[in-house]
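Single-letter residue listing:
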Amino acid sequence: MGCDGGTIPKRHELVKGPKKVEKVDKDAELVAQWNYCTLSQEILRRPIVACELGRLYNKDAVIEFLLDKSSEKALGKAASHIKSIKNVTELRLSDNPAWEGDKGNTKGDKHDDLQRARFICPVVGLEMNGRHRFCFLRCCGCVFSERALKEIKAEVCHTCGAAFQEDDVIVLNGTKEDVETLKRKMEERRLRAKLGKKAKKPKAAESVSKPGVSEEFPGPSKIKTGKPEETSLDSREKKASSAPKNAAANGSSSGKVGKPLCGTTKRSIADSEESEAYKSLFTTHSSAKRSKEESAHWVTHTSYCF
């Protein structure tokens, strides 16, 4: 049966059994989640941002993704819920003083401890390497361990003092259950924001239309009531306007002719005391009423013209 050369096949070579399930190395998974960007798979470098589902990104990678949403990017599904830069929060991280990075491994002969984290909790001092649960506040971006928030219960941020609520606490790189809970809260939050915008639009339209109606049809309170200073000024203006009318009426009744007010009667230039040369400039002068034959030609009259 093909066993030439003295080979003896074993059972597992002849009978195909079920395939073994490949197990993911937990250490490698933690390193990928906490040290590399979820979108670009590059090493995390400041500024570091986190989405509403608790995933870590480089801010440059998020901006590039928003500017160029091409379907060719396979990793774009991990950030499909990010619609704008407002959907991510820039994190305030505390550096780990014990982390040296690649400074001591220039020759390549030093063991790199991948579990040594770059950042720590500023309250308890736990390293942010995935062994402990960490979370951040959506209102300010400060990062703490979950143990610090449970031990020191407060409604104010431990670092910057900003007030926060329970809905502002987001777990970083949580389990599937945590991601589902955060996703449900995210959808509810966005729905409330959308309804709030729709409710503001009719209110803004009403506020714009109301001032116009009030100006065209003022109420009786606005007409009757007023400040004492304004009423006194109005009474003074009325007295000043009525004074010249009374004076003109008194003058006409007594028979004395007074000087007419400016703008009330037209004054003829013929009755003025100006010179005849000045009066001839106006159309009311007798020279303007002469016929064309009597008037002089516009050409200068000299002896050469005749």
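Residues numbered from 1 in each chain as written. Predicted model: local features only at pLDDT ≥ 70, side-chain atom pairs only at ≥ 80, totals over all residues. Heavy atoms only, no water.

1. So, the overall build of the chain
Part 1 of the argument: Counting its regular elements, the chain contains eight helices and eight strands.
Part 2 of the argument: When burial is assessed residue by residue, the chain has 21% of its 306 residues classed as buried.
Part 3 of the argument: Considering only contacts within the chain whose residues lie at least 6 apart along the sequence, 47% involve residues at least 24 apart.
Part 4 of the argument: Within the structure as shown, the chain displays about 24,300 Å² of accessible surface, and the carbon and sulfur contribution to it stands at 54%. (Helix = DSSP H or I, 4+ residues; strand = E, 2+ residues; numbered from the N terminus. Buried < 20%, exposed > 50% of the residue type's maximum accessible area, 1.4 Å probe, protein only. Contact = heavy atoms within 4.5 Å. Areas by Shrake-Rupley, 256 points an atom, 1.4 Å probe, with all protein chains shown as cover.)

2. Concerning a positive patch on the surface
Part 1 of the argument: On the surface, a cluster of positive charge is contributed by Lys86, Lys194, Lys197, Lys198, Lys200, Lys201 and Lys203.
Part 2 of the argument: Along the chain, Lys197 turns up in helix α5 (residues 176-216). (Patch = residues over 30% accessible without salt bridge, like charges linked within 9 Å, V, L, I, M, F, W, Y side chains within 5 Å. Salt bridge = Lys/Arg side-chain N within 4 Å of Asp/Glu carboxyl O. Lys, Arg positive; Asp, Glu negative; His and termini not counted. Charge placed at Lys NZ, Arg CZ, Asp CG, Glu CD.)

3. Quick word on the environment of Asn35
Part 1 of the argument: Along the chain, Asn35 falls in helix α2 (residues 26-35).
Part 2 of the argument: By relative accessible area, Asn35 is classed as partly exposed at 22%.
Part 3 of the argument: It is 8.3 Å that separates the C-alpha atoms of Asn35 and Ala117, two residues lying 82 residues apart in sequence.

4. Describing the nonpolar core
Part 1 of the argument: Tyr57, Leu91, Met128, Phe134, Val143 and Leu172 are the most contacted members of the largest nonpolar core, which has 40 residues in total.
Part 2 of the argument: The set of elements that each furnish at least two residues to this core consists of α2, β1 (48-50), β2 (56-58), α3 (59-67), β6 (134-137), β7 (143-145), α4 (146-151) and α5.
Part 3 of the argument: Here the element with the most residues in this core is β6; it accounts for four residues.
Part 4 of the argument: Ignoring sequence-local partners within four residues, the contact set of Leu91 consists of Ile48, Val49, Ala50, Leu56, Phe136, Gly141 and Val143. (Core = buried A, V, L, I, M, F, W, Y, C linked by side-chain atoms within 4.5 Å.)

5. With respect to the sheet that holds strand β8 (residues 169-171)
Part 1 of the argument: Reading across the sheet, the three strands line up as β7-β6-β8 and stay open at both edges, with antiparallel pairing between neighbours. Both outer strands of the open sheet, β7 and β8, are each paired with one neighbouring strand and no more. With direction set aside, neighbouring strand axes in the sheet form an average angle of 35°.
Part 2 of the argument: In terms of strand pairing, β6 meets β8 through three bridges, oriented antiparallel. What sits directly across from Cys135, in β8, is Val171. (Pairing = 2+ DSSP bridges. Axes fitted to C-alpha atoms, helices over the stretch in contact; angles between N-to-C directions.)

6. Observations regarding the pattern of salt bridges
Should the charged atoms of two oppositely charged side chains come close, the side chains can pair.
Part 1 of the argument: This structure, assessed with the given rule, holds 11 salt bridges.
Part 2 of the argument: The partner of Arg46 in a salt bridge is Asp95, and the shortest N-O contact between them spans 2.9 Å. Taken together, the residues span a long stretch of sequence, with Arg46 in the loop between α2 and β1 and Asp95 in strand β4 (residues 94-95) at a distance of 49 residues.
Part 3 of the argument: Among the residues examined, Arg46 registers a relative accessible area of 43% and is labelled partly exposed.
Part 4 of the argument: Lys59 is the partner of Glu90 in a salt bridge, and the nearest nitrogen-oxygen pair spans 3.4 Å. Taken as a pair, Glu90 in strand β3 (residues 89-90) and Lys59 in helix α3 lie far apart in primary sequence, 31 residues in all.
Part 5 of the argument: Residue class for Lys59 comes out partly exposed when judged on its relative accessible area of 25%.
Part 6 of the argument: A cluster of three or more residues bridged by salt bridges with shared partners is formed by Glu52, Asp167, Arg189, Arg190 and Arg192.

7. With respect to the packing of aromatic side chains
Part 1 of the argument: Enumeration over the complete set of coordinates arrives at one aromatic pair.
Part 2 of the argument: Both rings, one in Trp34 and one in Phe134, keep their centres 6.5 Å apart while their planes meet at 70°; by these two values the pair is edge-to-face. Taken together, the residues span a long stretch of sequence, with Trp34 in helix α2 and Phe134 in strand β6 at a distance of 100 residues. (Phe/Tyr/Trp six-rings, centres within 6.5 Å; stacked < 30°, edge-to-face > 60°.)

8. Some details on α3
Part 1 of the argument: All buried positions along α3 are accounted for by Ala61, Val62 and Phe65. In an axial view of α3, the angular spread of the buried residues amounts to 100°, which keeps them on one side of the axis. Facing away from the buried side of α3 by over 90 degrees, the exposed positions are Glu64 and Leu67.
Part 2 of the argument: On its buried face, α3 sits against β1 and β2. (Arc of directions from axis to C-beta.)

9. Quick word on the state of the cysteines
Part 1 of the argument: Going through the model one piece at a time under the given rule, you end up with zero disulfides.
Part 2 of the argument: Lacking any disulfide linkage, Cys139 is separated from the closest cysteine sulfur, that of Cys140, by 4.2 Å.
Part 3 of the argument: Residue classification places Cys139 among the partly exposed residues on the basis of a relative accessible area of 40%. (Disulfide = S-S within 2.5 Å.)

10. Some details on the side chain of Asn87
Part 1 of the argument: By the element assignment, Asn87 lies in the loop between α3 and β3.
Part 2 of the argument: Here the side chain of Asn87 touches Lys83 through a polar contact of 2.9 Å, landing on its backbone nitrogen.
Part 3 of the argument: Look past the residues within four positions of Asn87 in its chain and what remains in contact with it is Ala50, Cys51, Glu52, His81, Ile82 and Arg190. (Polar contact = N/O pair within 3.5 Å; in protein donor to acceptor, adjacent residues only side chain to side chain.)

11. Observations concerning the sheet that holds β3
Part 1 of the argument: Ordered by their spatial adjacency, three strands build an open sheet running β2-β1-β3, and the pairing between neighbours is antiparallel. Of all strands in the sheet, those bounded by a partner on one side alone are β2 and β3.
Part 2 of the argument: Across three bridges, β1 lies against β2 in antiparallel orientation. Counted as the bridge partner of Ala50 is Leu56 from β2.
Part 3 of the argument: Those strands touched by α3 are β1, β2 and β3, and its axis lies near 80° from that of β2.

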